[in-house]
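These are the residues of each chain, in order.
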Amino acid sequence: MTDMTANTADESHSIDTICVQGGWQPKNGEPRTPPIVQSTTFKYTSSEQMSRLFDLSESGYFYTRLSNPTNDVVAKKICELEGGTAAILTSSGQAANFFALFNLCSAGDHIVASNAIYGGTYNLINVTMRRMGIDCTFVHPDCTPEELDAAFQPNTKAVFGESIANPSLMVLDFDKFAAAAHKHGVPLIVDNTFPTPVNCRPFEYGVDIVTHSTTKYMDGHGSCVGGAIVDSGNFDWMAHADKFPGLTTPDDSYHGVTYAKEFGNGGAFITKCVAQLMRDFGSIPSPFNAWILGQNLEDLGLRMKRHCENGYKVAKFLNEDPRISWVNHPGLETDKYYGLARKYMPNGTCGVIAFGVPGGRDKVSAFLDHLKLVSIATHVADSRSCILYPAGTTHRQLTEQQLKEAGVGIDLVRLSCGLENADDIIADLKQALDAVL
């Protein structure tokens, strides 16, 4: 495999510059745009060298399921954007979250997680990972430090949350959750999909590992499903060796390598993720999809500014419309999480809004059906505005109590403001409201 810790970012460069030039610095005569290495395999003339590659004692490529040059270029760009030390792409955001947690947990272990997270991730942790013998205690993002502390158990291996929760738009207090995680000797893992590293750099606030659904703003055009995991390199695995034997003792399934010793804090987590989980589960994106993601990342900085501007304008319109029950958007001055958003995301939040349509399921459905410009779609954070009724779709598997705990009410509508003119989005919402309420 390749050296997953490679990070060529110039600390003096801004996020916008890293979006354009991060991850790929061509040498003399090499292509300015990263090439697509659409190949499963790589040829060698020496079996001894191939053995060294399998032993992780030499850097290189031997099978795309583990690593691929195109995928690694894009992973390095995302790594530079987040300010991390190592990163890997996965086939989806769901795969990224599963890998990030399962890389630390085994049967008999325990996770502390925010209950205000995407419904699919909640189900992953609450149902599927429980079937694997991994327990979880869910806490509300607004819990007191004492309540959060009480959620930990001796076998807790990680804390998980979302920087901006999907779809409730609650903002996670990094300082509070990081302090609790580190007090108990475990890392804090945060899904940073909604604000992206353009607007939020969780590592600067004590977060240890970041995940992304790159399907959302990073791709931004609804073209490629994908995910990413980035390690800050700040968590000291050997200092908590008894909690993480998978990282701090020899891996018998991979030639007896001890990841924390061989690759240090900066590379151990991601190398283990590749050598074990990607090897066994194979959740790799195709190089072509990774290449498209890399191209779309180049204008992420520009797009996020427009998404945030549109989100703010539309949220303000909805907030002033008496027919709307309530509005959640952390960029809105009246929002409960505005203070936390300003603290952790001073340049903006995202273009997603949650709001309440009164009258029950039938009224909500009728409102959505009357929209013309805004599409009903099981998607979010796209260049095209889209809308969804989470209680009837993405969070449909949750009970009424679980919906309430996750901040997903029966009246909640999730609107993702795209790159269209904000006035056109507002006009479409207004005509649908006029027709129904």
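Scroll up a little and you will see the structure.
What this report covers is the structure whose coordinates are included nearby. What you are looking at is a predicted structure, and each value in this text was computed from that prediction instead of being measured.

1. Focus: the sheet that holds strand β4 (residues 156-162)
Then comes step 1: One open sheet holds the 7 strands; their spatial order is β1-β7-β6-β5-β4-β2-β3, and the pairing between them is mixed. At either margin of the open sheet sits one strand with a lone partner, and together these are β1 (86-90) and β3 (135-139). Across this sheet, the average inter-strand angle for adjacent strands is 20°, counted without regard to direction.
Then comes step 2: Taken together, the 5 bridges between strand β2 (residues 110-114) and β3 define a ladder with parallel strand orientation. Counted as the bridge partner of Val-112 is Thr-137 from β3.
Then comes step 3: Each of β1, β6 (209-213) and β7 (227-231) is contacted by helix α10 (residues 259-281), which is oriented at about 25° to β1, the strand it contacts most.

2. Topic: the sheet that holds strand β11 (residues 386-388)
Then comes step 1: Strand order in the open sheet formed by 5 strands is β8-β9-β12-β11-β10, and the pairing between neighbours is mixed. Looking along the sheet, the strands with just one partner apiece sit at the ends: β8 (327-328) and β10 (375-376).
Then comes step 2: Bridge analysis of β8 against strand β9 (residues 352-356) gives 2 bridges, and the strand direction is antiparallel. Its bridge partner being in β9, Asn-328 is matched across the sheet by Ala-354.

3. Regarding helix α7 (residues 174-183)
Then comes step 1: Here α7 has its buried residues at Phe-174, Lys-176, Phe-177, Ala-178, Ala-180 and Ala-181.
Then comes step 2: Where α7 is buried, its residues touch β3, α6 (145-150), β4, β5 (188-191) and α13 (338-344).
Then comes step 3: Gly-185 occupies a position one or two residues after α7 and carries a positive phi of about 70°.

4. Here we look at the environment of Leu-373
Then comes step 1: Along the chain, Leu-373 falls in the loop between α14 (361-369) and β10.
Then comes step 2: Accessibility expressed as a relative area gives 35% for Leu-373, which makes it partly exposed.
Then comes step 3: Measuring from C-alpha to C-alpha, the distance between Leu-373 and Cys-386 comes to 8.6 Å, with 13 residues separating the pair along the chain.

5. Considerations on empty space enclosed by the protein
Then comes step 1: All told, the structure shown has 4 cavities of 30 Å³ or more when counted by the stated rule.
Then comes step 2: There is about 70 Å³ of room inside the largest cavity.
Then comes step 3: At the level of secondary structure, the elements contributing two or more residues to the lining of the largest cavity comprise β1 and α11 (287-297).
Then comes step 4: Here the lining of the largest cavity takes 3 residues from α11, the largest share from any one element.
Then comes step 5: Partitioning the lining of the largest cavity into residue classes produces 6 nonpolar, 5 polar and 1 charged.

6. Comments concerning the side chain of Asp-173
Then comes step 1: In this structure, Asp-173 sits in the loop between β4 and α7.
Then comes step 2: With no salt bridge to any partner, buried Asp-173 finds its closest opposite charge in Lys-343, at an N-O distance of 4.5 Å.
Then comes step 3: Within the structure, the side chain of Asp-173 is placed 2.6 Å from the side chain of Tyr-344, a separation counted as a polar contact.
Then comes step 4: Leaving out residues up to four positions away in the same chain, Asp-173 has contacts with Leu-340 and Tyr-344.

7. Some words on the pairing of β1
Each regular strand displays side chains that alternate between the two surfaces of the sheet.
Then comes step 1: Where burial is concerned, most of β1 is hidden: 5 out of the 5 residues are buried.
Then comes step 2: Alternating residues of β1 divide into Ala-86, Ile-88 and Thr-90 and Ala-87 and Leu-89, and every residue in both groups is buried.
Then comes step 3: Relative to β7, β1 runs antiparallel, the two sharing 5 bridges. Note that in β7 the partner of Ala-87 across the bridge is Val-230.

8. Brief notes about the side chain of Arg-414
Then comes step 1: Within the secondary structure, Arg-414 is located in strand β12 (residues 412-416).
Then comes step 2: Glu-162 provides the closest opposite charge to the buried, salt-bridge-free Arg-414, at an N-O distance of 8.7 Å.
Then comes step 3: Only 3.1 Å separates the side chain of Arg-414 from the backbone oxygen of His-379, close enough to count as a polar contact.
Then comes step 4: Look past the residues within four positions of Arg-414 in its chain and what remains in contact with it is Asn-166, Pro-167, Val-352, Ile-353, His-379, Val-380, Cys-386, Ile-387, Leu-388 and Pro-390.

The rules behind the values
All residue numbers refer to positions counted from 1 along the written sequence of the respective chain. pLDDT decides what is reported in this predicted model: residues at 70 or higher carry local features, side-chain atom pairs at 80 or more are listed and counted, and totals for whole chains, interfaces and linings draw on all residues regardless. As a convention, hydrogens and water are excluded, and side-chain values are obtained from all of the structure's heavy atoms. Pairing between two strands requires that DSSP report at least two bridges joining them. Runs of H or I in DSSP of at least four residues are treated as helices and runs of E of at least two as strands, each being numbered from the N terminus. Only the stretch in contact is used when fitting a helix axis, every axis being a line fitted to C-alpha atoms; angles between N-to-C directions are given from 0 to 180 degrees. We call two residues in contact whenever any of their non-hydrogen atoms come within 4.5 Å of each other. Here's how the labels work: a residue is buried when its accessible area is under 20% of the maximum for its type, exposed when over 50%, partly exposed in between, all with a 1.4 Å probe on protein chains only. Only protein atoms enter the calculation, which uses a 1 Å grid: trapped sets of points that fit a 1.4 Å probe without letting it out are cavities, open sets showing protein on both sides within 12 Å along at least five of seven lines are pockets, and any residue with an atom within 4 Å of a point is a lining residue. Grid points are joined across faces, edges and corners, and a volume is the space filled by probe spheres set on the points. Polar here means any residue other than Ala, Val, Leu, Ile, Met, Phe, Trp, Tyr, Cys and Pro, which are nonpolar, and Asp, Glu, Lys and Arg, which are charged; Gly is therefore polar. We treat Lys and Arg as the positive residues and Asp and Glu as the negative residues; His and chain ends play no part in the count. Within this document, salt bridges are pairs made up of a side-chain nitrogen of Lys or Arg and a carboxyl oxygen of Asp or Glu, the two lying within 4 Å of each other. Polar contact is defined as a pair of N or O atoms within 3.5 Å, subject to the rule that within protein one atom must be able to donate a hydrogen and the other to accept it, and that residues adjacent in sequence are counted only when both atoms are side-chain atoms.

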